[in-house]
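Tertiary structure, described
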Amino acid sequence: MGKCEQCIVREFSSFKALTKDELVHMANCKTSKTIRKGETIFSEGDTIGGVFCVKDGVCKMTKLSSNGRDQIVHLVKRGELLGQRSMISDEPANLSAVALEDMQVCFIPKSEILTFFNQNNRFSMGVMKTICGDLKQADDIMVNMAQKTVKERLALTLIYLEDTFGTNADGTLKLQLSRDEIASMIGTATESCIRLLSEFNKLGLIELVGKKIVVRQRAKLERMGE
């Protein structure tokens, strides 16, 4: 079993505020899991019963819309926690979490997290700041969906994917989303997304390498998204 106090991932989350004794205690009560690409970590409406710490990999957080389509609300990467809001609000999960690539996660039971929450003020403030950050991000997404065109949203999403997850040696975006997943992020039909990517490719803003994407003219994409 890995030692939480030696795990570099804790430096990226609220866990960095925990004392060594608290981290040792957490290591003794956590469960480590491997989640395969495409597997669901938890579904909307589930009672989670704790928090997942993402040690490696990326997952998508989705919400089922009234038309039966999954809308990708945001992406969660290494070092982030899943299930904090449900734990604090004592409500079922509001979103589903699905692995976009093979993942390593650690599950910490709610009882243990709440003990830290009650005992360690820096930890509880860290959790609340993260939840506030998520709310701010949700506000920004809502405004973008309402006020920006699909083309503008695609431009911003491509920049976000490059900034957040980086690129491979050949310049292609490291996180390879399907056309369906990109469409889900920008709130449009897959056909429209494919058509827009093709248009961006013809304009030289991006280059399509098979299923992969290279951002070629970042400044123009940024201006387009403004």
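Note that the coordinates shown come from a computational prediction; the quantities given were computed from them, not determined experimentally. (Residues numbered from 1 in each chain as written. Predicted model: local features only at pLDDT ≥ 70, side-chain atom pairs only at ≥ 80, totals over all residues. Heavy atoms only, no water.)

1. Description of helix H5 (residues 150-165)
Quick note on the threshold: A run of H or I in DSSP counts as a helix once it spans at least four residues, and a run of E counts as a strand once it spans at least two, with each numbered from the N terminus. Residue count minus one, scaled by 1.5 Å, sets the expected span of a helix. Between buried and exposed lies partly exposed: a residue is buried under 20% and exposed over 50% of the maximum accessible area for its type, with that area taken using a 1.4 Å probe on protein chains only.
Compared with an ideal rise of 1.5 Å per residue, which puts 16 residues at 22 Å, H5 spans 22 Å between its outermost C-alpha atoms and is within 8% of the ideal. Those residues of H5 not exposed but buried are Arg153, Leu154, Ala155, Thr157, Leu158, Ile159, Leu161, Glu162 and Phe165. Positive backbone phi, at 80 degrees, marks Gly166, one or two positions downstream of H5.

2. Focus: the domain arrangement of the protein
The cut-off we apply is this: The split of the chain into domains comes from an automatic or database domain assignment. Contacts: residue pairs with any heavy atoms within 4.5 Å of one another. For any pair of parts, buried area is found by adding up, for both, the accessible area (1.4 Å probe) each one loses once the two are put together. Salt bridge, as used here, is a side-chain nitrogen of Lys or Arg placed within 4 Å of a carboxyl oxygen of Asp or Glu.
Domains assigned within the protein are domain 1 (4-145) and domain 2 (148-225). Each partner contributes residues to the interface: domain 1 has 13 residues there, and domain 2 has 18 residues. Taking both partners together, domain 1 and domain 2 bury about 1200 Å²; carbon and sulfur atoms supply 56% of that area. Where domain 1 touches domain 2, the interface holds one salt bridge. For Lys60, the salt bridge goes to Glu181, with nearest N and O atoms at 3.2 Å. Mapped onto the side of domain 1 that touches domain 2, the elements with two or more residues apiece are strand S5 (70-76) and helix H4 (121-147). Top contributing element to the side of domain 1 that touches domain 2 by residue count: S5, with four residues.

3. Examining the sheet that holds strand S3 (residues 50-56)
Going by this rule: Strand pairing is assigned whenever DSSP detects at least two bridges linking the two strands. Orientation is described by axes fitted as lines to C-alpha atoms, over the contacting stretch for helices, and by angles from 0 to 180 degrees between their N-to-C directions.
One open sheet accounts for four strands, arranged S1-S8-S3-S6; its pairing is antiparallel. Edge positions in the sheet fall to strand S1 (31-35) and strand S6 (81-82), since each has one partner strand and no second. Note that S3 and strand S8 (residues 103-109) share six bridges and pair antiparallel. Counted as the bridge partner of Val51 is Ile108 from S8. Sheet contacts for helix H3 (residues 110-119): S3 and S8; angle to S8, the most-contacted strand, approximately 70 degrees.

4. So, the UniProt feature "domain: Cyclic nucleotide-binding" (unreviewed entry) in the protein
In plain terms, the rule: UniProt positions are given in the numbering used here, feature names are shortened, and annotations may be inferred rather than shown by experiment.
UniProt's feature table lists "domain: Cyclic nucleotide-binding" (unreviewed entry) at residues 14-110, given in the numbering used throughout. End C-alpha atoms of residues 14-110 are separated by 15 Å, and the span's content is 18% helix alongside 42% strand.

5. A look at the layout of surface pockets
Our working rule: In the cavity and pocket records, a cavity denotes points on a 1 Å grid over the protein atoms alone where a 1.4 Å probe fits but cannot get out, a pocket denotes an open set with protein on both sides within 12 Å along at least 5 of 7 lines, and lining residues are residues with an atom within 4 Å of a point. Grid points are joined across faces, edges and corners, and a volume is the space filled by probe spheres set on the points. When residue character is reported, Ala, Val, Leu, Ile, Met, Phe, Trp, Tyr, Cys and Pro are called nonpolar, Asp, Glu, Lys and Arg charged, and the others, Gly included, polar.
Its boundaries defined by the atoms lining it, the largest pocket holds a volume of some 880 Å³. If you go around the largest pocket, you meet 39 residues; those closest to its centre are His74, Arg85, Leu95, Thr130 and Asp134. Looking at the lining of the largest pocket, the elements that each hand over two or more residues are strand S4 (59-64), S5, S6, helix H2 (84-89) and H4. The greatest single-element share of the lining of the largest pocket, amounting to eleven residues, is contributed by H4. Classifying every residue of the lining of the largest pocket by side-chain character gives 19 nonpolar, 13 polar and seven charged. Considering only enclosed or pocket space, the second largest pocket measures out at about 380 Å³ in volume. Around the second largest pocket sit 14 residues that line it, and Ile141, Asn144, Thr157, Tyr160 and Met185 are the ones nearest its centre. For the lining of the second largest pocket, the secondary structure elements donating two or more residues are S5, H4, H5 and helix H6 (179-186). Element by element, the count of residues in the lining of the second largest pocket is highest for H4, at five residues.

6. As for the side chain of Arg153
Test applied: We treat Lys and Arg as the positive residues and Asp and Glu as the negative residues; His and chain ends play no part in the count. The definition of a polar contact used here is a pair of N or O atoms within 3.5 Å, where within protein one atom must be able to donate a hydrogen and the other to accept one, and adjacent residues in sequence count solely through side-chain atom pairs.
With respect to the helices, strands and loops of the structure, Arg153 is situated in helix H5. An unpaired buried charge is present at Arg153: no salt bridge exists, and Glu152, the closest side chain of opposite charge, is 7.1 Å distant. From its side chain, Arg153 meets the backbone oxygen of Lys148 in a polar contact 2.8 Å long. Each residue touching Arg153, except ones within four places of it in the same chain, is listed here: Asn144, Met145, Lys148, Ile186 and Gly187.

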